[in-house]
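Reading the structure
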Amino acid sequence: MTTDATPPPSDTTPPATGLPPLITVDECEEMPLRRVHDLYRSHVNKSQVSLMTSFGFGRELVSHAEGSWIHTRDGRRVLDFTGGVGVLNHGHNHPRILAARRRFQEQRRMEVHKTYFSPYIAALGHNLAQLLPGDLNMSFFPNSGAEAVEGAVKLAYKYHGGKRQQILHADISFHGKLLGSGSLTGSAQSTFAFPGIPGVSAFRYGDLDSVRESVAAARDAKGRCDVYAILIEPFSASTMTECSEEFLRGLRELCTAEDIVLIFDEIYTGWGKTGSLFHFMRHPGLVPDVVTTSKSFGGGKSSISAFVAREPVFRQAYDSLGDAMLQSTSTTYYGFGEETATALEAVNIAVEDDYPARARAIERVLAPGLERLRKQYPDIIADVRGAGALYGIFLDGGPRMLDLAAKLAPGGLARDPLLRTKVITCAVVNAMYQEHDVYMYYTLNGRSPLVAAPSLVAGPEEVEIFLDAFDKTLARGMNRLLAAFLKDKAVSRWAA
Ligand SMILES: Cc1ncc(COP(=O)(O)O)c(C=O)c1O
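Residues numbered from 1 in each chain as written. Predicted model: local features only at pLDDT ≥ 70, side-chain atom pairs only at ≥ 80, totals over all residues. Heavy atoms only, no water.

**So, the overall build of the protein**
- If you tally the helices and strands in the protein, you get 17 helices and 17 strands.
- In terms of its C-alpha atoms, the protein occupies a principal-axis envelope of roughly 65 × 65 × 45 Å.
- Buried positions account for 51% of the 496 residues belonging to the protein.
- Sequence-distant contacts, at least 24 apart, represent 72% of the contacts inside the protein between residues at least 6 apart.
- By element, 55% of the accessible surface of the protein is carried by carbon and sulfur atoms, the whole surface being about 23300 Å².
- Averaging the locations of the 52 positively and 56 negatively charged side chains of the protein gives two centres separated by 3 Å. (Helix = DSSP H or I, 4+ residues; strand = E, 2+ residues; numbered from the N terminus. Buried < 20%, exposed > 50% of the residue type's maximum accessible area, 1.4 Å probe, protein only. Contact = heavy atoms within 4.5 Å. Areas by Shrake-Rupley, 256 points an atom, 1.4 Å probe, with all protein chains shown as cover. Lys, Arg positive; Asp, Glu negative; His and termini not counted. Charge placed at Lys NZ, Arg CZ, Asp CG, Glu CD.)

**A closer look at the pattern of salt bridges**
- Considering all chains together, one arrives at 25 salt bridges under this definition.
- Close ionic contact of Glu-371 with Lys-375 constitutes a salt bridge, the shortest N to O distance being 3.8 Å. Highlighted residues: Glu-371 and Lys-375, both in helix α13 (residues 355-376), separated by 4 residues, approximately one helical turn.
- Glu-371 sits in the partly exposed class, given a relative accessible area of 28%.
- Judged by its relative accessible area of 60%, Lys-375 falls in the exposed class. (Salt bridge = Lys/Arg side-chain N within 4 Å of Asp/Glu carboxyl O.)

**Brief notes about a negative patch on the surface**
- A contiguous patch of negative charge on the surface is contributed by Asp-26, Glu-27, Glu-29 and Glu-30.
- If you trace the backbone, Asp-26 turns up in helix α2 (residues 25-30).
- With a relative accessible area of 56%, Asp-26 lands in the exposed category. (Patch = residues over 30% accessible without salt bridge, like charges linked within 9 Å, V, L, I, M, F, W, Y side chains within 5 Å.)

**Description of the packing of helix α3 (residues 33-43) against helix α4 (residues 46-54)**
- The geometry of α3 relative to α4 is characterised by a closest axis approach of 6 Å and an angle of 135° between their N-to-C directions. Our classification of the angle between α3 and α4 gives oblique. Between α3, through His-37, Tyr-40 and Arg-41, and α4, the contact on the second element is made entirely by Lys-46, Gln-48, Val-49 and Thr-53.
- Tallied by class, residues from the contact of α3 with α4 come to 2 nonpolar, 3 polar and 2 charged. (Axes fitted to C-alpha atoms, helices over the stretch in contact; angles between N-to-C directions. Parallel < 35°, antiparallel > 145°, perpendicular 65-115°, else oblique. Nonpolar A, V, L, I, M, F, W, Y, C, P; charged D, E, K, R; others polar.)

**Quick look at the site of the ligand**
- Taken together, Ser-144, Gly-145, Ala-146, Phe-174, His-175, Gly-176, Glu-233, Asp-265, Ile-267, Tyr-268 and Lys-295 make up the full set of residues adjacent to the ligand.
- At 2.8 Å from an oxygen atom of the ligand is found a main-chain nitrogen or oxygen belonging to Gly-145.
- Separating a nitrogen atom of the ligand from a backbone N or O atom of Phe-174 is a distance of 3.2 Å. (Near = heavy atom within 4 Å. Polar contact = N/O pair within 3.5 Å; in protein donor to acceptor, adjacent residues only side chain to side chain.)

**Here we look at the side chain of Glu-339**
- Positionally, Glu-339 belongs in helix α12 (residues 337-352).
- A distance of 2.9 Å separates a polar side-chain atom of Glu-339 from the backbone nitrogen of Ser-303.
- Apart from residues no more than four positions distant in its own chain, Glu-339 is found in contact with Arg-101, Ser-302, Ser-303 and Ile-304.

**As for helix α5 (residues 95-106)**
- Taking 1.5 Å of rise per residue, 12 residues should cover 16 Å, and α5 covers 16 Å from first to last C-alpha, within 8% of that figure.
- Residues of α5 that are buried include every one of Ile-97, Ala-100, Arg-101 and Phe-104, and no others. The arc that holds the buried residues of α5, viewed along the axis, is 95°, so those residues lie on one side. Opposite the buried face of α5, at more than 90 degrees from it, the exposed residues are Pro-95, Arg-103 and Glu-106.
- Where the residues of α5 are buried, they touch α6 (119-131) and α12. (Expected span 1.5 Å × (residues − 1). Arc of directions from axis to C-beta.)

**Here's the deal with the sheet that holds strand β4 (residues 136-140)**
- Strand order in this open sheet of 7 strands is β4-β12-β11-β10-β7-β5-β6, and the pairing throughout is mixed. Edge positions in the sheet fall to β4 and β6 (200-203), since each has one partner strand and no second. On average, adjacent strands in this sheet sit at an angle of 25° to one another, irrespective of strand direction. (Pairing = 2+ DSSP bridges.)

**Overview of the domain arrangement of the protein**
- You can read the domains of the protein as domain 1 (55-86 + 355-487) and domain 2 (97-352).
- Centre-to-centre separation of domain 1 and domain 2, based on C-alpha positions: 30 Å.
- On the domain 2 side, the residues contacting the 28 residues of domain 1 number 21 residues.
- Looking only at domain 1, the three residues that lose the most surface to domain 2 are Gly-86, Tyr-355 and Leu-390, adding up to 34% of its buried area.
- There are 0 salt bridges connecting domain 1 and domain 2.
- Between the two partners, domain 1 and domain 2, sit 11 residue pairs in polar contact (both at pLDDT 80 or more).
- Secondary-structure elements contributing two or more residues to the side of domain 1 that touches domain 2 are α13, β13 (381-387) and β14 (390-395).
- Partitioning the side of domain 1 that touches domain 2 into residue classes produces 15 nonpolar, 10 polar and 3 charged. (Domains from an automatic or database assignment. Buried area = accessible area lost by both parts, 1.4 Å probe.)

Rendered as structure tokens:
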């Protein structure tokens, strides 16, 4: 169905064959930006176009991308300092990942059919068991992070045979946007309350007493624990907050004592990003019951995720003939061939090229550089937090008038107590991109920082390019940055 009142004539004139006028892959390669915007407006999401272009993005198309660099169609070379929001530890189009996929295709390997066992699934499960500590031996491979989280939650529920009804998550958390994972997400990521799974409550992130209180509140009339799982990110990538070792070990003890399934969500932080293979692995001997991974697990090419469970937990939940198909092999794209082969290669690269060490090498340049800038611009940088190749910069400053404007705004996006933070951070992102060809990201919820998170294939020279651009940007002062941003008509639609 078409809602666009005035589609271009070529869309309306059926060709002589009588076939509908479908666009081909070849045509996409030549499609002008205007046409892409029009098609998005008509068939994808009109407001997405307005929002992105308002903030200076989506105004050009990408030709290709390699390593840490994006090349636009109009010839710009942009330093991608987003790390693909966790997806690109290997950078764009890593040659070994491309080769593994090409090989899979050229040999005409098979994607589907669960009745033929897959050597790729077998090998990936084996390799994860080799790399993860303790008896984290049993893997499940869906496609997205949210599916891995929900798979882990179902596993925990089934482990208790449906006898426990409560699940706890932290107030600081992001676990995905499906109905289940969304209801376990505590941070202000959503402006609309969708229904969720039952029995959910939140504890304060990193606060063991708060967890104990939540567990105590969830005892049944006979004093039995009713909590089947606790879900937490050991390092919260959306807020750059980290659990202390003491908290994580205390949580492990509590979960063991109460037989609660402890799930660590490392969907963002896995594969070296914060300086250890998984963030929790910097604490020797600490083993959750389940860990989730995705993003760079697919090497930047494959949409694959996993949960890996401790063997006794998995066996109790699913290891019977009646339950064997309940979770693991039942979804269409579970363990799809090329996706799994890609993940296998991605994991091997992360280990052979020592991605944790690469993240630590990046940190040795990035962390002191950001600290120097924080001291140099105390009125603009309120805080810098992070680990490895994942840093957040919390900005402040700009005219306080914006706070008043937000209070007085009649409604819409402008009536937002975090308006000033959002606008100044967008102004900096905009200047970095437009004037210095450095791409950073910022989640528009006002509580998340501006993120500096290069791919792990980035070298110190790329970190220096970023630091130099960031220094030059901040040196202009927040008011001038804001004026340039507004002149660009960037926020003209905010009050709409
Ligand atoms: C920690 C964490 N958990 C879960 C998810 C959800 O993953 P996906 O977007 O692939 O569903 C994300 C995504 O950003 C994440 O960072």
